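Spelled out from the first residue to the last, the chains are:
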Amino acid sequence: MEFGLSESQEILKDSARKFFAGECPMEEVRRLMETETGYDEKLWAKLAEQGYTGIIFPEEFGGVGLGKVELILLMEEAGRALVPGPFFSTVPLAGAVIDAVASTEHRKKYLEPICEGKARSTVAILEAGANWNLDALKISATGSKINGEKLFVTDAAVANFILVVAQDGVYAVDPKAPGISIAPMAGMDLTRKIYAVKFKDTPAEKIGSTANLSKAFDIATAALVGEMVGGMQRTLDITVEYAKMRKQFGKPIGMFQAVQHHCADMYLETESSRSAAYYAAWALEENVPEASVAVSIAKVYASDAGRTVGNRGIQVHGGMGFTWENDVHLFYRRAKASEAAFGDSTFHRERVAQQVIDHETLSAKSA
Amino acid sequence: MDLNLTADEKLFRDELRSWLAANAPKDWPAWQNKPLEESYPYLRAWQRKLYEAGWAAVSWPKEFGGRSASLMQQSIFWEEMARAEAPPMANSLGLGLIGPTIIAYGTEAQKKRFVPKILSAEEIWCQGFSEPNAGSDLANLQTAAVLDGDHYIVNGQKVWTSYGWIGDWCEVVTRTDSAAAKHKGLTVLLVDMKTPGVEVRPLKQMTGESEFNEIFFRDVRVPKENVLGKVNDGWNVAISTLMYERGSYGARLHLIFKRSIGRLIELSKKFQRNGKPASEDLIVRQKLAQCYAEIEIMRLNQMRAFSRMTATGVPGPEGSIQKLFWSELNQRLQQIAQEILGPYGQLLGDDPYAVDNGAWSYGYLRTRGNTIEAGTSEVQRNIIGHFVLGLPRSY
């Protein structure tokens, strides 16, 4: 049993960190967040060149064929750098959905261009009321035409095709098709843009059923938690550095226990989120029976920790933490958006409860 | 990263599992709620049995009667012990903390003299660290040891000594140089508790029991050869013991917690809230699920810490997040139990209406000690702040 990273995993993580630090430093994050879409063509080409856009997908579709743990490590580093743009929407979300639900033919058509860096995508899930329970979806396609409205669709404006989760299956829609309108929603997270997408008799191509969707959403959720861990780590690093440097009463504020204890709790919450994220990724990779619960546990913990780490980080910065110029609020905004995405901690606690209270699939003695 | 057991680990697990199936006593639950004074011979006999089969201290090097088990094997050991509902071992401080410290710092003669009897539970060990004026500020301890020919003469008082009442030997941290800086003038002595001048008094705690003792030393003569490590280097020896304490504890706890949450889930189906089983109350469900999630994360943190320790070879300051995590989690778990049980939660073990023989009222009170013993939560946060995050020392 080995919970440390293998050498090749360390190398991947390290090179991703260097890559993002070089290609997407905070000045670039701030430049991109001021743009309409947060998307940069050159950065995307470089991501593809690294193989990141095909990281977990089969080689027959142009992917790299690595595992979920590698994906989580990559997402952690992307989160640490607060990389804007449609990477999450395209790769661990849309890519995982296609990979899970589509036929070989459809995977060739939709997954291959993603792996090759030629296409960006996203998945339209929520409707009015924002219920993450997929049974509650109302939109369905009749005669291959979709009508209705999807909300909180990430990066829809730069997607080459949008996947729509409908009652009766998963559909691919061309954003330039008739009857479609894509309107930005003013979200708190400036680095990941969200949209309201309306369909009126919009032609749609069915690529699969919803049966295998939960597996894909588990991958996306675990990837998101990985990204959240990176955001927490960066917030912690920035905060500790500031606490060492900032002086009040003639001493670095990091010398005061009230400040140290905030930092210690940030560390505990970050490390605990990381343990949960890595385990969830491993459990998905190995298809262990409790993989889905492991994902929920990770999302429960990281959803709350992402927020509290940010709270403490801002508090330790004092007035500086409340300024626009300080980077901590940018991570804090992302953390809030991620907290709600794919179900917040309340949603996932109920999911855990259903498994451990109602079904007793994970008895106390199963360990 | 591969969380599957290796072939060696499986072999280790299977061997232990079948040994426990054949040898672990089945009547432990009946003993469990008896006072320790009554059950102690039972626990001694159990450790002796483990010792004879080579299972008493799997983490110890083979040459000292252990199995040189890896950290993962140690974790498997505790999992299997919990799975078999096996009793704890009598000499837990000797096996977990003091034995490893003697193996690390002791002379050849000391290792030969003390280590085998720790393993066999022939000699029970306790730990004389804290004093009335040296709790979190351990280095402020004042128990004095003055060299007089071949002996140190020890005078002073220790508190919060677990197993003091049954201890044959005690690892005592003393001050041998009062002129030196407070961390510098300390020396660890191995003290025979039967030496004249040693007096042990029970310390009654808020649960009503006396797990701990006060020990008074009045002109106690300790032979010079019982210095552990170097004279005036006692701080490093003591810290090494404390690291074992923080590092190893969590390994066995997650199974105990998992059993508690399992039991709590059962109880939540029996106890009513707003006219339906508490297990159907959305808020109770949220709390149980949160607790379950945290217990699982505690296990995962522990496994990650083990992998790091395997790489570095020694328990490090990361042990502090484990201590912080489990102690605060245990308090939350007990509070949830109280919420589920309602008025029944307060009933003590001797009440005929008590649930689980009063385990939950006891647990509620006992866990207040968890964030204090073995380094308070505040001290753990200081350790993380300074030693892990590199913030300047606050004291």
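Not measured: the values here are computed from a predicted model.

**Student:** Tell me about the overall build of chain A, residues and numbers included.
**Tutor:** Secondary structure assignment for chain A yields eleven helices and ten strands. The C-alpha radius of gyration computed for chain A amounts to 20 Å, which stays within 12% of the reference 21 Å derived for 367 residues, consistent with globular compactness. Once the C-alpha set of chain A is aligned to its principal axes, its extents read approximately 75 × 55 × 40 Å.

**Student:** Which residues make up the overall build of chain B, and what values go with them?
**Tutor:** Tallying secondary structure elements over chain B gives eleven helices and ten strands in all. For 395 residues, the compact-globule estimate of 2.2 N^0.38 gives 21 Å, and the C-alpha radius of gyration of chain B, at 22 Å, lies within 12% of that figure. On the principal axes, the C-alpha backbone points of chain B span a range of 75 × 45 × 45 Å. Every one of the 395 residues in chain B was classed for burial, and the buried ones make up 44%. Restricting the contact set of chain B to residue pairs at least 6 apart, pairs at least 24 apart contribute 69%.

**Student:** Tell me about the domain arrangement of chain A, residues and numbers included.
**Tutor:** All names here are of chain A. Here the domain parsing of chain A yields domain 1 (7-115), domain 2 (121-208) and domain 3 (213-358). Computed over C-alpha atoms, the centres of domain 1 and domain 3 are 21 Å apart. Each partner contributes residues to the interface: domain 1 has 21 residues there, and domain 3 has 26 residues. A per-element tally of the side of domain 1 that touches domain 3 places helix α4 (residues 68-81) first, with ten residues. Looking at the side of domain 1 that touches domain 3 residue by residue, the class counts come to 15 nonpolar, two polar and four charged.

**Student:** Break down the pairing of strand β4 (residues 161-166) of chain A for me, with residues and values.
**Tutor:** All names here are of chain A. Within β4, six of the six residues are buried, which leaves the element mostly enclosed by the surrounding structure. Residues of β4 alternate between two faces, with F161, L163 and V165 on one and I162, V164 and A166 on the opposite face, all of them buried. Strand direction decides the pairing type here: strand β1 (residues 121-124) and β4, joined by four bridges, are parallel. Within the sheet, the bridge partner assigned to S121 lies in β4 and is F161. Both β4 and strand β5 (residues 169-173) contribute to a ladder of five bridges, which runs antiparallel. The partner of L163 across the bridge, within β5, is A172. Joining the antiparallel neighbours β4 and β5 is a turn of two residues.

**Student:** Tell me about the interface of chain B and chain A, and name the residues and values.
**Tutor:** Counting from both sides, the interface comprises 45 residues of chain B and, opposite them, 43 residues of chain A. Mapped by element, the contributors of at least two residues to the side of chain B that touches chain A are α4 (71-83), α7 (234-270), α8 (282-312), α9 (319-341) and α11 (377-388) of chain B. For the side of chain B that touches chain A, the leading source of residues is α8(B), giving 16 residues. Among the residues forming the side of chain B that touches chain A, the class breakdown is 23 nonpolar, eleven polar and eleven charged.

**Student:** Would you mind going over the sheet that holds strand β7 (residues 194-203) of chain A in detail, with residue names and values included?
**Tutor:** Residue and element names in this part refer to chain A. Read from one edge of the open sheet, four strands run β2-β3-β7-β6, paired in antiparallel fashion. Two strands lie at the open edges of the sheet, namely β2 (141-142) and β6 (180-185), each paired on one side alone. Two elements, β6 and β7, share six bridges in a ladder whose sense is antiparallel. Looking at β7, one finds that M185 is bridged to I194.

**Student:** Before we move on, could you go through the sheet that holds β5(A) and cite the residues and values that matter?
**Tutor:** Residues and elements named next belong to chain A. Pairing in this open sheet of four strands is mixed, and the strands run β1-β4-β5-β8 from one edge to the other. One side of each edge strand has no neighbouring strand; the edge strands of this open sheet are β1 and β8 (205-208). Across the sheet, the mean angle separating the axes of adjacent strands is 30° when strand polarity is ignored. In the packing of helix α5 (residues 87-101) onto the sheet, contacts are made with β1, β4, β5 and β8, and the angle to β1 comes to roughly 70°.

**Student:** Any details on helix α6 (residues 104-115) of chain A? Residues and values, ideally.
**Tutor:** All names here are of chain A. Looking at α6, one finds that the buried residues are R107, Y110, L111, I114 and C115. One face of α6 carries all of its buried residues, which in axial projection span an arc of 135°. Along its buried surface, α6 packs onto α5, β1, β4, β5 and β8. Where α6 ends, the next residue or the one after it, G117, has phi of about 80°, a positive value.

**Student:** Can you tell me about the domain arrangement of chain B, naming the residues and giving the values?
**Tutor:** Residue and element names in this part refer to chain B. Split into domains, chain B comes out as domain 1 (7-119), domain 2 (125-232) and domain 3 (237-388). Contact with domain 1, which involves 13 residues of that partner, is made by eleven residues of domain 2. Of all the secondary-structure elements, those providing two or more residues to the side of domain 1 that touches domain 2 are α5 (92-105) and α6 (108-119). Looking at the side of domain 1 that touches domain 2 element by element, the count peaks at six residues for α5. A per-class count over the side of domain 1 that touches domain 2 returns nine nonpolar, four polar and no charged.

**Student:** Explain the packing of helix α7 (residues 213-245) of chain A against helix α9 (residues 291-317) of chain A residue by residue, including any values.
**Tutor:** Residue and element names in this part refer to chain A. Between α7 and α9, whose axes approach to 9 Å, the crossing angle comes to 25°. One element, α7, and the other, α9, form an angle in the roughly parallel class. The hand of the α7/α9 crossing is left-handed. In terms of residue class, the contact of α7 with α9 is built from 16 nonpolar, nine polar and two charged.

**Student:** Outline the environment of B:L253, supporting the account with residue identities and numerical values.
**Tutor:** All names here are of chain B. Along the chain, L253 falls in helix α7. What makes L253 buried here is the crowd of 22 C-beta atoms within 10 Å. L253 sits 73 residues away from W326 along the chain, and the two C-alpha atoms are 7.9 Å apart.

**Student:** Help me get a handle on the pairing of β7(A), residues and values and all.
**Tutor:** Of the pairings in the sheet, the one linking strand β3 (residues 145-154) of chain A to β7(A) comprises seven bridges and is antiparallel in character. Directly across from A:V153, in β7(A), lies its bridge partner A:Y195.

**Student:** Help me get a handle on the nonpolar core, residues and values and all.
**Tutor:** All names here are of chain A. With 219 residues, the main nonpolar core has V97, Y171, A222, A277, A280 and A298 as its most contacted residues. Ranked by the residues each element gives to this core, the list is headed by α7, at 16 residues. Apart from residues no more than four positions distant in its own chain, V97 is found in contact with V123, L163, V170, L213 and A216.

**Student:** Explain unusual backbone geometry to me, using residue names and the numbers behind them.
**Tutor:** A positive phi angle, near 55°, is found at A:D155, a position not held by glycine. Inspection of the secondary structure puts A:D155 in the loop between β3 and β4. Look at B:N357: it is not a glycine, yet its phi comes out positive at around 55°. Of note, B:N357 is situated in the loop between α9 and α10 (359-366).

**Student:** Got a sec to walk through the confidence of the model for chain B? Specific residues and values, please.
**Tutor:** Looking at chain B, the pLDDT average stands at 93 and 97% of residues meet or exceed 70. Two numbers describe this predicted complex: its pTM, 0.94, and its ipTM, 0.96.

**Student:** Explain the packing of α4(A) against helix α8 (residues 257-286) of chain A to me, using residue names and the numbers behind them.
**Tutor:** All names here are of chain A. Running from N to C, α4 and α8 point in directions that differ by 150°, and their axes come no closer than 7 Å. By the angle between their directions, the pair α4 and α8 is classed as roughly antiparallel. Handedness of the α4/α8 crossing: right-handed. In this structure, α4 contributes K68, V69, L71 and I72 to the contact, and α8 contributes A277, Y278, A281, W282, L284 and E285. A class-by-class count of the residues in the contact of α4 with α8 yields eight nonpolar, no polar and two charged.

Rules of the game
Residues numbered from 1 in each chain as written. Chains lettered and ligands numbered in written order. Predicted model: local features only at pLDDT ≥ 70, side-chain atom pairs only at ≥ 80, totals over all residues. Helix = DSSP H or I, 4+ residues; strand = E, 2+ residues; numbered from the N terminus. Rg over C-alpha atoms; globule rule 2.2 N^0.38 Å. Buried ≥ 20, exposed ≤ 12 C-beta atoms within 10 Å, placed from the backbone. Contact = placed C-beta atoms within 7 Å. Domains from an automatic or database assignment. Nonpolar A, V, L, I, M, F, W, Y, C, P; charged D, E, K, R; others polar. Pairing = 2+ DSSP bridges. Axes fitted to C-alpha atoms, helices over the stretch in contact; angles between N-to-C directions. Arc of directions from axis to C-beta. Parallel < 35°, antiparallel > 145°, perpendicular 65-115°, else oblique. Left-handed = near helix turned anticlockwise from the far one by under 90°. Core = buried A, V, L, I, M, F, W, Y, C linked by C-beta atoms within 7 Å. pLDDT = per-residue confidence, 0-100.

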